[in-house]
Amino acid sequence: MADQVKYGSKLEGSRVLVIGGSAGVGYAVAEASIEQGAGAVIISSSDAARVQASIARLRSSYPLKASRISGFACNLSQEDVLEENIVALFNAATSNGAYKLDHIAYTAGDAPVPKALENIDLAYIRNSFLVRSFAAILLAKHAVKHIAPGPASSITFTSGTAELRPVPNWPILTMVTGSLRSLVRALALDLKPVRVNVVTLGVVNTETFQSFWLTKAPEEKERLVALTTAQTATGAIGKPEDVAEAYIYCMRDHNVTGTSIDTNSGQLVFNLSRMNLEVLFMKHTKDGATPSMAVARLCSPYYDLVEKEAVGFL
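Quantities reported herein were computed from a predicted structural model and do not represent experimental measurements.

Visitor: Whenever I open this one, unusual backbone geometry confuses me. Can you help?
Guide: Backbone geometry follows two general trends: most residues other than glycine have a negative phi, and most peptide bonds adopt the trans configuration. Note that the residue after lysine 192, namely proline 193, is joined by a cis bond; omega there is 10°. Assignment of secondary structure puts proline 193 in the loop between α5 (171-190) and β6 (195-201). With a phi close to 55°, serine 95 is a non-glycine residue in the positive phi region. Mapped onto the elements of the fold, serine 95 is located in the loop between α3 (82-93) and β4 (103-106). Serine 95 gets classed as partly exposed once you look at its relative accessible area, which sits at 40%.

Visitor: I would appreciate a short explanation of the pattern of salt bridges in the present structure.
Guide: Working definition: two side chains of opposite charge can pair if their charged atoms are close together. The tally for this structure, following the rule as stated, stands at 5 salt bridges. One salt bridge in this structure joins aspartate 110 and arginine 132, with 3.5 Å as the shortest N-O distance. Pair noted here: aspartate 110 is in the loop between β4 and α4 (122-146) and arginine 132 is in helix α4, with a separation of 22 residues, a long-range link. Note on aspartate 110: relative accessible area 30%, which makes it partly exposed. Taking relative accessible area as the criterion, arginine 132 reaches 17% and is therefore assigned buried. Between arginine 181 and aspartate 262 there is a salt bridge, with the nearest N and O atoms lying 3.5 Å from each other. On the criterion of sequence distance, the pair formed by arginine 181 in helix α5 and aspartate 262 in strand β7 (residues 259-263) is long-range, its members being 81 residues apart. A relative accessible area of 15% means that arginine 181 is categorised as buried. What emerges from the salt-bridge pattern is a single network uniting Glu163, Arg181 and Asp262.

Visitor: Would you mind going over the environment of alanine 23 with me for this structure?
Guide: When you line up the elements, alanine 23 lands in the loop between β1 (15-19) and α1 (24-35). For alanine 23, a relative accessible area of 15% gives the class buried. In this structure, the C-alpha to C-alpha distance between alanine 23 and threonine 107, residues 84 residues apart in sequence, is 9.6 Å. With residues up to four places along the chain from it excluded, the contact list for alanine 23 reads Arg50 and Glu207.

Visitor: Teacher, can you tell me more about the packing of aromatic side chains here?
Guide: Geometrically, a pair of aromatic rings is defined through the distance of the ring centres and the angle of the planes. Evaluated as defined, the whole model comprises 2 aromatic pairs. A ring pair is formed by phenylalanine 129 and phenylalanine 134, whose centres lie 5.6 Å apart and whose planes are at 20°; its orientation type is stacked. Under the relative-accessibility criterion, phenylalanine 129 is labelled buried at 9%. On the accessibility criterion, phenylalanine 134 (34% relative accessible area) is partly exposed. The cationic tip of arginine 57 hangs over the ring face of tyrosine 27; the distance from NZ or CZ to the ring centre is 4.0 Å.

Visitor: I'm lost on the sheet that holds β6 in this one. Help?
Guide: Read across the sheet, 7 strands follow the order β3-β2-β1-β4-β5-β6-β7 without closing on themselves; strand pairing throughout is parallel. In this open sheet, the two edge strands, each paired with only one partner strand, are β3 (69-73) and β7. Adjacent strand axes in the sheet meet at a mean angle of 20° when their direction is disregarded. Seen against the sheet, helix α2 (residues 48-61) touches β2 (40-45) and β3 and runs at an angle of roughly 170° to β3. Where α5 meets the sheet, it contacts β5 (154-160), β6 and β7, and its direction lies at approximately 160° from that of β6.

Visitor: Please explain the nonpolar core as it appears in this structure.
Guide: Grouped burial of nonpolar side chains is what soluble globular proteins tend to show. Ranked by internal contacts, the top residues of the largest apolar core, which has 33 residues, are Leu17, Ile19, Leu76, Ile104, Tyr106 and Phe157. Where this core is concerned, the elements lending two or more residues are β1, β2, α3, β4, α4, β5, α5 and β6. Non-local contacts of tyrosine 106, meaning those with residues more than four positions away in its chain, are made with Ile19, Leu76, Val131, Ala135, Ala136, Leu139, Thr156, Phe157 and Thr158. One finds Val18, Ala105, Ala246 and Cys250 within the second-largest nonpolar core, a separate group that totals 31 residues.

Visitor: Can you walk me through the layout of surface pockets in this structure?
Guide: Using a probe with the size of a water molecule, rolled over the atoms, empty space left in the structure can be pinpointed. Quantified by volume, the largest pocket comes out at close to 990 Å³. In terms of lining, the largest pocket is formed by 41 residues, of which the most central are Thr107, Ala108, Gly109, Asp110 and Thr208. Residue assignment for the lining of the largest pocket shows that the elements contributing at least two residues are α1, β2, α4, β5, α5 and α6 (207-211). Residues belonging to the lining of the largest pocket are distributed by class as follows: 18 nonpolar, 18 polar and 5 charged.

Visitor: Quick question: what am I supposed to make of α2 here?
Guide: Each turn of an α-helix holds 3.6 residues, which means side chains three or four residues apart point in the same direction. In a regular helix each residue adds 1.5 Å, so 14 residues correspond to 20 Å; α2 covers 20 Å between its end C-alpha atoms and thus fits that length. Those residues of α2 not exposed but buried are Val51, Ser54, Ile55 and Leu58. Angularly, the buried residues of α2 cover 105° about the axis, an arc narrow enough to put them on a single face. Exposed and oriented more than 90 degrees from the buried face of α2 are Ala49 and Ser60. Considering only its buried residues, α2 is in contact with α1, β2 and β3. For α2, the capping residue at the N-terminal end is aspartate 47, with a side-chain oxygen 2.9 Å from the backbone nitrogen of alanine 49.

Cut-offs and rules
Every chain is numbered on its own, with residues counted from 1 as its sequence reads. With pLDDT at 70 or above as the cut-off, local features in this predicted model cover only qualifying residues; side-chain atom pairs require 80 or more to be listed or tallied, and sums for whole chains, interfaces and linings still use all residues. Side-chain figures throughout are based on the complete set of non-hydrogen atoms in the structure, without hydrogens or water. Each helix is a run of H or I in the DSSP string that is no shorter than four residues. Each strand is a run of E no shorter than two, and both are numbered from the N terminus. Only protein chains enter the accessibility calculation, which uses a 1.4 Å probe; a residue is then buried when its area is under 20% of its type maximum, exposed when over 50%, and partly exposed in between. When a carboxyl oxygen of Asp or Glu lies within 4 Å of a side-chain nitrogen of Lys or Arg, that pair is called a salt bridge. Residues are treated as being in contact if the distance between any of their heavy atoms lies within 4.5 Å. Centre distance within 6.5 Å is the pairing criterion for rings of Phe, Tyr and Trp, where only the six-membered ring of Trp is used; planes under 30 degrees apart are then read as stacked, over 60 as edge-to-face, and the remainder as tilted. Charges are assigned to positions over rings by a cutoff of 6 Å between ring centre and Lys NZ or Arg CZ, combined with an angular limit of 35 degrees from the ring normal. Here, a strand pair is defined by DSSP locating no fewer than two bridges between the strands. Between N-to-C directions, angles span 0 to 180 degrees; the directions come from axes that are lines fitted to C-alpha atoms, helices contributing only their stretch in contact. Buried Ala, Val, Leu, Ile, Met, Phe, Trp, Tyr and Cys residues that are joined via side-chain atoms within 4.5 Å together make up what is termed a nonpolar core. As defined here, a cavity is a set of points on a 1 Å grid over the protein atoms alone where a 1.4 Å probe fits but cannot get out. A pocket is an open set with protein on both sides within 12 Å along at least five of seven lines, and residues line them when an atom is within 4 Å of a point. Grid points are joined across faces, edges and corners, and a volume is the space filled by probe spheres set on the points. The residue classification treats Ala, Val, Leu, Ile, Met, Phe, Trp, Tyr, Cys and Pro as nonpolar and Asp, Glu, Lys and Arg as charged. All others, Gly included, are polar. Helix span, expected: 1.5 Å multiplied by one less than the number of residues in the helix. Note: the arc covers the axis-to-C-beta directions of the helix. Two N or O atoms count as a polar contact when they lie within 3.5 Å, although within protein this holds only if one can serve as hydrogen donor and the other as acceptor, and sequence-adjacent residues are included solely when both atoms are side-chain atoms.

The following block contains the structure:
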């Protein structure tokens, strides 16, 4: 007599669309979905070549499930044709309506561009919201037609901790993160019984995070990583393969909707005192600098990113 399979098979045979799935967190969500037994995993991002390269990587990692993996390009930053691009993606992912999707994970996002209040204008506000918020709303609008009805189906969006711990020069980006948390509560009602949630991320070691130090000297990279790590309770920066579990949870728990799932290395509860900062930062100076000088030096890699002010992450 075989053992019951009650928990390990919830995603078995499901169709999962991961928007932003060619890299970073989205790619990890695609991997996790495959390992959880999804019958079809479709990835999407704005770059067709990158989508194809990621499909090849996934098929190489999961050769026995290669036929389950596909992908299509969808540019969410083209405002004039945004809705048409989303419709085309859904048509491609469902073979023009022949199949229903069971889960959608939305991890797409452009690189955040912080600006101080005195430097913002309407164009900047609109561009900041376009991919992370406006496109998410239009995605939900058209998902209704293509997602299987019922609480076994889900849409999971992505936000960040800026709303929960604002920093200088991030007023609009803080609004963006807050908009997603509000949106899912409304969509949980408008799309019911399909479930809608958001995963709120802290710093994750993705290509976007690594890009912050591409032009930095090795010692500046060390300072940046040390400062970021020092602001976590776990003592480690998040990994895509870890935070991907939050998206899988949102797919598997048929009781969770209208909710934010937070995964942030304990950044929101960890209080890094000035004294602790100075002790940490002195480790990165070797020329007798004062603690205050050490603080400034370790923080310096951030200054270029946020116009000489503190940094936050989406």
